[in-house]
Amino acid sequence: MIGSYRARSGDVRCYRAVRPAERGTYQVIGRRSFLAATGVAALGSVALGSGRASASPSGLDVGRGIGDMTGEPLGAGMNGYAVLEQSSAGLHLRQRARAFVFVDTASGARLAHVTCEVGLMFESIFEEVLTRLSSRFGDLYHRGNVLLTATHTHAAPGGTDSHLLVDITTLGFRPITFDANVSGIVDAISRAHEDVRPGQVRITTGSLHDAGVNRSPVAFDRNPDKDRLPTRIDPRSVNLQLERDGELVGIINWFATHGTSMTATNLLVSSDNKGYAAWHWEREVAGVDYSDPSFVAAFCQSTPGDISPNLDKQPGTGPTTDEFENTRIIGMRQFDTARGHTDDAGASSDSGIDMRWMYADFSAVTVRPEFTGDGRTHTTSPAALGAAFAASSQEDGGGLPELGLAEGERGGNPALAALSSVVMPQWLRDAHAPKDVVLPVGLIPGIVQQVFPFHLARIGSFYLFTCPFEPTVIAGSRLRTALADTLGVDPELVVVQGYTNGYGHYVTTEEEYDQQDYEGGATAFGRWQLPATLQIAVDLASAMRDDRPVPTGAKERDLTGIVPTSPGGVPVVDIASPGTEFGQVLTQPAPSYTVGQRVSVRFSGANPNSNLRRDDTYLAVEYAQGTEWLRVYDDGDWFTKILFENVGPITTSTVVWDIPPGQHPGRYRIVYFGDSRTLDGQLTPFVGISAEFEVS
């Protein structure tokens, strides 16, 4: 994309130099040349970690890569809250895919791990990514060694599932967003593949206590092992750190908190709190150039099923009442903690990569007595969602509150339970008891995914178990303990990661399930879903410990393309605002501003979905340096937003810049980039440039 460098107080944060003379004509100059010419402090190498290398080479080669996976910023329903009115109308933070490729130098075994800034990870995306990787790399990357995980932001365009249920609230399948998501992931893996070289890997851990709160404490307190997590959250912050020649050049962090700092009323595409943490470390601290990143920070989910970042237990509240500020604060707390324990000695990862994986049909998993806890064999059930699921999480918002449904701790839904006892088959109610079943989604083919992949990966001495569910923190704790006990390793070297390679809703403990709060109502396969997952985890761990293969099972049939396409998306034609040309300024900036003020410029625009401008930008904030204009910010930066309004074929685009503390005084301007579509489908790029203004 565009360059950047570490910003210090008073610096002009500049990315690219351009000629001022011709509208739409740009000259890119070398980054080091520009820095030298403008007298900016030399970059050198940013000292991010302690500089400690492992005592001996790890025997691992590692590559890093970032891809732009931003979906449609106009008219696309967002995943997460299931609110029809939450349809994208602009862009705040671009969505990134951050890939790490690990290679064992002795055996050649490899693993690709990708953190994706999307709401949910679907089988459809996983399958298409595998297809494209196969065409590029043959059998080097496959369903046994590729892990795609979602950060679970609730502010990302959806419509990318191959099953109907999730795509209902996005009004169908969105091919443009789907392709952007897949292309960004493939780009990230391909770039990581090209970046592979020797390195050292360390594991460090820390604690973070003020970035999440348990949103279902009554259910949590039912757990006999609740004392494992006395504050009702999982405070573990775990880093997998990559170093080269003693310098920290990449990190994967796992921490459990939901991507719901941005509320269900937000209409701007955002990567939420984890996206802010990644952006801040990469751009503001490490000075990353996204076209050739020198440092990659992936902030991953672990098991945040019952953890909300809304610390005051109301949507958009805590620590403040401003959702943008909350996103920044919760993101900064994750960054501060992850950055803080990079200085610890940690554990060297040693060498070796090992994988075990399998598919399981959760509509009918037979769970052995040693995992059920009652000495009897039980079976999971075809998927069904309960009244508490329809009530949604009342701490994070979303759902359909007008239905008047309630979670268990708020009294449940006795009238609906009575109706369910008449309408739903007895065998299904028995299988899901005490859930009040409202949506028997597993009984209709193609509504939800029911066959899922599970992976256990070993990277040296570090173990990662992945599943497609949203585990609660105690569910995650039980999984981690069972894995560590089976493998005979320190639990601190084990991480459980949800939202991976598919999506199967929640998984709670049996005790939490009986409470039927939101998480229990969304545990789709019944009370024995966690014991079934524990059984799979232990079976994979036993096979890895004993160096045995496991039957991998068969995946579900790929249904991509079956869900009807959303009626929105690419426009038929773009028409400029009456009496204007594309890119013409409709509202100019004021002549001058001070730090902390907001600049807003409105342009005659075009529908942005015609060109998502991946690895590019819809906007630029530019600074006058002599006769050149230097790019300061783009649409991937926290301080900018672009808002789109359209009526039929007419679109107006408003660029907003919140001038941050320490911004260098001087002359600035706002630039807008768009593409207009003619009736025959031809796209014509255009550029709009505002009047100049002073910042003091």
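Okay, so let's go over this structure. (Residues numbered from 1 in each chain as written. Predicted model: local features only at pLDDT ≥ 70, side-chain atom pairs only at ≥ 80, totals over all residues. Heavy atoms only, no water.)

Here we look at the overall build of the chain
Okay, so step 1: In terms of regular secondary structure, the chain is built from 15 helices and 34 strands.
Okay, so step 2: In summary, the chain has a C-alpha radius of gyration of 25 Å against a globular reference of 26 Å for 696 residues, a match within 12%.
Okay, so step 3: Along the three orthogonal principal directions, the C-alpha set of the chain runs to about 80 × 60 × 45 Å.
Okay, so step 4: Taken over 696 residues, the chain has a buried fraction of 64%. (Helix = DSSP H or I, 4+ residues; strand = E, 2+ residues; numbered from the N terminus. Rg over C-alpha atoms; globule rule 2.2 N^0.38 Å. Buried < 20%, exposed > 50% of the residue type's maximum accessible area, 1.4 Å probe, protein only.)

With respect to empty space enclosed by the protein
Okay, so step 1: Within the structure shown, the criterion is met by 7 cavities of 30 Å³ or more.
Okay, so step 2: Here the largest cavity defines a volume of roughly 100 Å³.
Okay, so step 3: The wall of the largest cavity is formed by Asp234, Arg236, Val238, Trp254, Phe255, Ser302, Thr303, Gly476, Ser477, Arg480, Val495 and Val496.
Okay, so step 4: Broken down by secondary-structure element, the contributors of at least two residues to the lining of the largest cavity are strand S10 (236-244), helix H12 (473-487) and strand S23 (494-497).
Okay, so step 5: Here the lining of the largest cavity gets 3 residues from one element, more than from any other, and that element is H12. (1 Å grid on protein atoms, 1.4 Å probe; cavity = no way out; pocket = protein on both sides within 12 Å on 5 of 7 lines; lining within 4 Å. Points joined across faces, edges and corners; volume = space filled by probe spheres on them.)

Examining H12
Okay, so step 1: An ideal rise of 1.5 Å per residue puts 21 Å on 15 residues; H12 measures up with 21 Å between its terminal C-alpha atoms.
Okay, so step 2: Of all 15 residues in H12, 13 are buried; the element is thus mostly enclosed.
Okay, so step 3: Of the residues one or two after H12, Gly488 is the one with positive phi, at around 70°. (Expected span 1.5 Å × (residues − 1).)

Here we look at helix H6 (residues 272-285)
Okay, so step 1: With 14 residues, H6 should cover 20 Å at 1.5 Å per step; its first-to-last C-alpha distance of 19 Å lies within 8% of that length.
Okay, so step 2: Remark: the principal bend of H6, roughly 25°, maps to Trp279.
Okay, so step 3: Taken across its 14 residues, H6 has 14 buried, putting it largely inside the fold.
Okay, so step 4: Just downstream of H6, Gly287 is the residue with a positive phi angle, here 65°. (Bend = angle between axes of the 7 residues up to and from the residue.)

Considering unusual backbone geometry
Okay, so step 1: Between Gly318 and the following residue, Pro319, the backbone shows a cis peptide bond with an omega angle of 5°.
Okay, so step 2: Structurally, Pro319 is set in the loop between strand S13 (307-308) and helix H7 (323-340).
Okay, so step 3: For the peptide bond that leads from Ala433 to Pro434, omega is 5°, which places it in the cis range.
Okay, so step 4: Residue placement: Pro434 occurs in the loop between helix H11 (426-432) and strand S19 (437-439).
Okay, so step 5: We note that Leu171 has phi near 60°; this positive angle belongs to a residue other than glycine.

Examining the packing of aromatic side chains
Okay, so step 1: Going through the model one piece at a time under the given rule, you end up with 32 aromatic pairs.
Okay, so step 2: Of note, Arg96 hangs over the ring of Tyr290, and the distance from its end group to the ring centre comes to 4.1 Å.
Okay, so step 3: Here Lys641 stacks its cationic end above the ring of Phe324, 4.8 Å away from the centre of that ring. (Phe/Tyr/Trp six-rings, centres within 6.5 Å; stacked < 30°, edge-to-face > 60°. Lys NZ or Arg CZ within 6 Å of the ring centre and 35° of its normal.)

So, the nonpolar core
Okay, so step 1: Core analysis: the largest hydrophobic core is formed by 83 residues, its most contacted members being Ile185, Phe362, Phe454 and Phe465.
Okay, so step 2: Looking at this core, the element that brings in the most residues is helix H15 (residues 529-545), giving 10 residues.
Okay, so step 3: Once you skip the residues sitting within four places of it in the chain, Phe465 turns out to touch Phe454, His455, Leu456, Leu479, Leu483, Val495, Val496, Gln497, Thr533, Ala537 and Leu540.
Okay, so step 4: By size, the runner-up hydrophobic cluster in this structure holds 75 residues, among which are Leu74, Val201, Val249 and Trp657. (Core = buried A, V, L, I, M, F, W, Y, C linked by side-chain atoms within 4.5 Å. Contact = heavy atoms within 4.5 Å.)

Re the environment of Val538
Okay, so step 1: Within the secondary structure, Val538 is located in helix H15.
Okay, so step 2: Considering only alpha carbons, one finds Val538 and Ala484, 54 residues apart in sequence, at a separation of 9.4 Å.
Okay, so step 3: Discounting chain neighbours no more than four positions away, the residues touching Val538 are Phe371, Ala482 and Thr486.

Considerations on the sheet that holds strand S15 (residues 353-361)
Okay, so step 1: Taken in spatial order, the 4 strands make up an open sheet running S15-S20-S21-S23, and their pairing is mixed. Strands with a single pairing partner mark the edges of an open sheet, and in this sheet they are S15 and S23. In this sheet, neighbouring strand axes are inclined to one another by 15° on average, regardless of whether the strands run parallel or antiparallel. (Pairing = 2+ DSSP bridges. Axes fitted to C-alpha atoms, helices over the stretch in contact; angles between N-to-C directions.)

Here we look at the packing of H12 against H15
Angle between the axes and distance between the axes: these two values describe a pair of packed helices.
Okay, so step 1: Between H12 and H15, the shortest axis-to-axis distance is 9 Å and the interhelical angle comes to 25°. Relative to H15, H12 is oriented roughly parallel. Our pair here, H12 against H15, has a crossing hand that is right-handed. In this structure, H12 uses Ala475, Arg478, Leu479, Ala482, Leu483, Thr486 and Leu487 to contact H15, whose residues at the interface are Leu530, Thr533, Leu534, Ala537, Val538, Ala541, Ser542 and Arg545.
Okay, so step 2: Partitioning the contact of H12 with H15 into residue classes produces 10 nonpolar, 3 polar and 2 charged. (Parallel < 35°, antiparallel > 145°, perpendicular 65-115°, else oblique. Left-handed = near helix turned anticlockwise from the far one by under 90°. Nonpolar A, V, L, I, M, F, W, Y, C, P; charged D, E, K, R; others polar.)

Section: the environment of Arg174
Okay, so step 1: By the element assignment, Arg174 lies in the loop between helix H3 (164-168) and helix H4 (175-195).
Okay, so step 2: For Arg174, a relative accessible area of 1% corresponds to the buried category.
Okay, so step 3: Sequence separation between Arg174 and Pro567 is 393 residues; the distance between their C-alpha atoms is 8.9 Å.
Okay, so step 4: Sequence-distant contacts of Arg174, that is, excluding residues within four places in its chain, are made with Glu72, Leu74, Gly75, Ala76, Gly158, Gly159, Ser566, Gly568, Gly569 and Asn609.

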